[in-house]
Amino acid sequence: MLVRAAYGQTLRRISFDDLQLLPLRLPDVLFLERCSFVGTDLRQATLDGGHFKMCNLRGADLRGASLRNATFSACDLRGADLRGTDLTRVRLGRVLTGSDNGHTLVSGAVTDRGVDLTTFLESDQK
């Protein structure tokens, strides 16, 4: 399903839980609504420009992935591993990042100049 996704396509209510999706490269503009990636291995994936709306990424492994220009709206990122991920120009709107399933890990993530996601995520985790 993801491999055949096309530019501008919308995928709704699909579960990719606990799958190993590497090396995955999505088209620059792909809309994912209410999709689940719980525990999914997305290391080194290219998800640039993806629009994640109400998606569940609890415990997803995104180490070293590229999420440039991605948007996360009302998504659950608790316990996700974003270490070393390229988060340049990423937009986060009402994301869950702490408590139930562990903290979201962001050390070494690449962000826009002057943006400190650790402050944003740590304040959300208390």
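This text goes with the structure placed above it.
These notes cover the structure that comes with them. (Residues numbered from 1 in each chain as written. Predicted model: local features only at pLDDT ≥ 70, side-chain atom pairs only at ≥ 80, totals over all residues. Heavy atoms only, no water.)

**Topic: the sheet that holds strand β2 (residues 30-33)**
- Within the open sheet, the five strands sit side by side as β1-β2-β3-β4-β5. Their pairing is parallel. Only two strands of the sheet have a single partner each, and these edge strands are β1 (10-12) and β5 (91-93). The sheet shows a mean angle of 10° between the axes of neighbouring strands, taken without regard to direction.
- Across four bridges, β2 lies against strand β3 (residues 50-53) in parallel orientation. Bridging from a neighbouring strand, Glu33 pairs with Lys53 of β3. (Pairing = 2+ DSSP bridges. Helix = DSSP H or I, 4+ residues; strand = E, 2+ residues; numbered from the N terminus. Axes fitted to C-alpha atoms, helices over the stretch in contact; angles between N-to-C directions.)

**Re the side chain of Ser36**
- Residue placement: Ser36 occurs in the loop between β2 and β3.
- A distance of 2.5 Å separates the side chain of Ser36 from the side chain of Asp17, its partner in a polar contact.
- Once residues within four sequence positions are removed from consideration, Ser36 is found in contact with Ile14, Ser15, Phe16, Asp17 and Asn56. (Polar contact = N/O pair within 3.5 Å; in protein donor to acceptor, adjacent residues only side chain to side chain. Contact = heavy atoms within 4.5 Å.)

**Comments concerning the environment of Gly59**
- Looking at where Gly59 falls in the secondary structure, it is placed in the loop between β3 and β4 (71-73).
- Once you skip the residues sitting within four places of it in the chain, Gly59 turns out to touch Gly39, Arg78, Gly79 and Ala80.

**A closer look at the environment of Leu11**
- Within the secondary structure, Leu11 sits in strand β1.
- Assessed through its relative accessible area of 3%, Leu11 is described here as buried.
- Counting along the chain gives 41 residues from Leu11 to Phe52, while the straight-line C-alpha distance between them is 9.9 Å. (Buried < 20%, exposed > 50% of the residue type's maximum accessible area, 1.4 Å probe, protein only.)

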